[in-house]
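Structure assessment
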Amino acid sequence: MVAVTVVACVAMAFGGQNGVGAMASAAPLASAGQARSEHSRPVDRSTEPKECVGSRFATFGAIYDAIFDSLKPYLPQEIQQKSATIKAGAHRDMSRLRIASLAVSNHPYDLGADDKDPIMKYRDPISQWVVSQLVAVREGRAGEAIPVENLTLAQAVESVWLYLYVTVMVPLTVLRRTLPSIGPLAGPLTIGTLITLPILLGVFAATQLYKSISEKLVDSCVVSVTRSQKANAGKSVKDLRFAYAVPGIVRDIAGQVAVADADTCKPIGDLPLTRIVTRTSDYLQAITTNPATDRQIVGMTKRLQEYLRTTRVHQNLIPADPADFNTPEYILSQVGVLIPYVGGAPLDVVIGLSHNRNNKQDFGATVPMSDLTVTKSLTAAYYAYALAAHMVELAWQEGGTDPAAALANELFPGLGITTDMMPKSTGIVGAPNLYGLVVYHNVLRSMCLAEDKRPAPAPTSNKRVPVSAARW
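Quick look at the structure, then.

1. Let's talk about the pairing of strand β4 (residues 144-147)
Within a regular strand, the side chains alternate between the two sheet faces. Of the two faces of β4, the one holding E144 and I146 and the one holding A145 and P147 are both buried throughout. For strand β3 (residues 98-100) and β4, the ladder comprises three bridges, and the chain directions are antiparallel. From the neighbouring strand, R98 faces β4, where its bridge partner is P147.

Structure representation (structure tokens):
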């Protein structure tokens, strides 16, 4: 219960601090009088049947009741006598306090995904939030707000982790990659290594802890809820909308994509490059009004498609994406960054190629570039960028001067500042690869083109039902 309370408090704090209009306490605009009367009228849930649910349906209102009732026998007598009034007031306050839908990240199960779908594997906190927002925009829920009363524990966990990831984990990782060696201790061991090791282990441990908590809470018996609480879990207020408008380009993108499904909708990451070229060409022709420009686009598209068809590549020589590493490979990759010279990108290349070999992929086989998938292309770009940044760092370390140290010597001549005394510029240079390209890649692997969606097969399975479609 203590953990649940902490999560709830942190979630409300983050919701109130992030984004313009992230929280609202005003009554709904369309039927203000009715909404106020409904929120001010105490709801007697004592006679409703209850069901013990996991974090997807464990609302803050239900969690508050469970905590309050568990503490009630230990409270002073005068407070116990007023318990009904206190609880009713708390529920009114939680109903009036609202969080913008676009400030909340949802668990993939609440987006309609199941354990087989790509989003369950290819996600990070930022990409998961992006997918959540695209789904909300697609369904017309972009301007709506969720009362804290209806906010679920799953939404709180995912949103809190998102904000911690952006404000703590990412800066710590960038700091670790920029921290200089400072001074050698024994062999390759330096003071900088001793400082960065706790950061590396801390970020890794926090990530694993989040994954464990997120997975276990979904199917656990967290709290008992009534029929109305379960029906309203995660629901927004339909008649309250924030004033800001979603940019047209975002609305256009959201209208063309859906959450990828292993059975009915192939992710964008699995599509061939020729399909992407064709769609891009069609889109450019659709938004132009000049026939001459259209003809130029058509001609350029034909030349590009011809080049893709006639150029062959060894696709299996592209190392496996780090997201596809198994557990031992992932641990070796994470710990390997501490190895001088070869740790980081070079080691990941070796691990990736070994992964391909262990999966019986033929290194000599070639395919036309037109058949190369989006994922293979982005993985190649990821390794190319990572290797380039790594080689630049080695060049600065061994034979040149890091730009940061050079600038410091120009500003403060005579101090003799060396590369080992200044933060590494490559830590910043590599950040767009880790927190830009990787996030973009995860979004493309988590979503599919709506036009590709096929009818779902006969229900057999464990398909998760979105909160918006949940029924008692």
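2. A word on the packing of helix α6 (residues 125-138) against helix α18 (residues 431-446)
Taken N-terminus to C-terminus, the directions of α6 and α18 make an angle of 45°; their axes are 8 Å apart at the nearest point. Compared by their axis directions, α6 and α18 come out oblique. With respect to the hand of their crossing, α6 and α18 are arranged in right-handed fashion. On the side of α6, the interface is formed by I126, S127, V130 and V131, while α18 contributes V439, N442, V443 and S446. Of the residues belonging to the contact of α6 with α18, the class tally is five nonpolar, three polar and no charged.

3. Section: the state of the cysteines
Each disulfide consists of a covalent bond between the sulfur atoms of two cysteine residues. For the structure shown, the criterion picks out two disulfides. Each sulfur of the disulfide joining C52 and C221 lies 1.6 Å from the other. Residues C52 and C221 share a disulfide whose torsion about the S-S bond is about 100°; that sign makes it right-handed. Placement of C52 in strand β2 (residues 50-53) and of C221 in the loop between α8 (191-219) and β7 (223-226) is noted, with a sequence separation of 169 residues between them. In this structure C221 comes out as exposed when scored by relative accessible area, which is 54%. Note on cysteine connectivity: C265 is disulfide-linked to C448, with sulfurs 2.0 Å apart. Its torsion about the S-S bond being 100°, the disulfide of C265 and C448 is classed as right-handed. Of this pair, C265 sits in the loop between β9 (257-259) and α11 (273-287) while C448 sits in strand β12 (residues 447-449); the two residues are 183 residues apart in sequence, bridging distant segments of the chain. Overall, C448 belongs to the buried group, its relative accessible area being 0%. Indicated for the chain is the disulfide connectivity 1-2, 3-4, based on numbering the bonded cysteines in sequence order.

4. With respect to a nonpolar patch on the surface
The grouping of I182, L185, L189, I191, L194 and I195 at the surface amounts to a nonpolar patch, some 480 Å² of accessible area in total. Considering the arrangement of structural elements, one finds L189 in strand β6 (residues 189-190). You can call L189 partly exposed: its relative accessible area is 33%.

5. Examining the packing of aromatic side chains
Under the defined criterion, the tally for this structure stands at six aromatic pairs. Judged by centre distance (5.8 Å) and plane angle (35°), the rings of Y64 and F68 are tilted. Of the two residues, Y64 and F68 are both situated in helix α3 (residues 60-71); the distance of four residues between them amounts to about one turn of the helix. Using a relative accessible area of 23% as the deciding quantity, one classes Y64 as partly exposed. F68 gets classed as buried once you look at its relative accessible area, which sits at 11%. Through pairs of rings, three or more aromatic residues link up here, namely W161, Y165, Y210 and Y435. Directly above the aromatic system of F57 lies the positively charged group of K230, at a separation of 5.0 Å from the ring centroid.

The rules behind the values
Every chain is numbered on its own, with residues counted from 1 as its sequence reads. With pLDDT at 70 or above as the cut-off, local features in this predicted model cover only qualifying residues; side-chain atom pairs require 80 or more to be listed or tallied, and sums for whole chains, interfaces and linings still use all residues. The basis for the side-chain values is all heavy atoms of the structure; hydrogens and waters are excluded. Only protein chains enter the accessibility calculation, which uses a 1.4 Å probe; a residue is then buried when its area is under 20% of its type maximum, exposed when over 50%, and partly exposed in between. Strands here are runs of E lasting at least two residues and helices are runs of H or I lasting at least four, both read from the DSSP assignment and numbered beginning at the N terminus. The rule for pairing is simple: two strands pair if DSSP sees at least two bridges between them. The angle between two axes is taken between their N-to-C directions and runs from 0 to 180 degrees, where each axis is a line fitted to C-alpha atoms and a helix contributes only its stretch in contact. Angles below 35 degrees are treated as roughly parallel, those above 145 as roughly antiparallel, those between 65 and 115 as roughly perpendicular, and all remaining angles as oblique. Left-handed describes a crossing whose near helix is turned anticlockwise from the far helix through less than a right angle; right-handed describes the clockwise counterpart. Note on contacts: a residue pair qualifies if any of its non-hydrogen atoms lie within 4.5 Å across the two residues. Under the scheme applied here, ten amino acids are nonpolar (Ala, Val, Leu, Ile, Met, Phe, Trp, Tyr, Cys and Pro), four are charged (Asp, Glu, Lys and Arg), and all others, including Gly, are polar. Throughout, disulfides are identified as pairs of cysteine sulfur atoms within 2.5 Å of each other. Patch membership requires over 30% relative accessible area and the absence of a salt bridge. Like charges are linked within 9 Å, and nonpolar side chains (Val, Leu, Ile, Met, Phe, Trp, Tyr) within 5 Å. Here the open area of atoms and residues is found with the Shrake-Rupley method and a 1.4 Å probe, where only the protein chains shown may cover a residue. We define a salt bridge as a side-chain nitrogen of Lys or Arg found within 4 Å of a carboxyl oxygen belonging to Asp or Glu. Any Phe, Tyr or Trp ring, taking Trp's six-membered ring, that has another such ring centre within 6.5 Å forms a pair; planes under 30 degrees apart are called stacked, those over 60 apart edge-to-face, and the others tilted. The criterion for a charge sitting over a ring is simple: Lys NZ or Arg CZ within 6 Å of the ring centre, and within 35 degrees of the ring normal.

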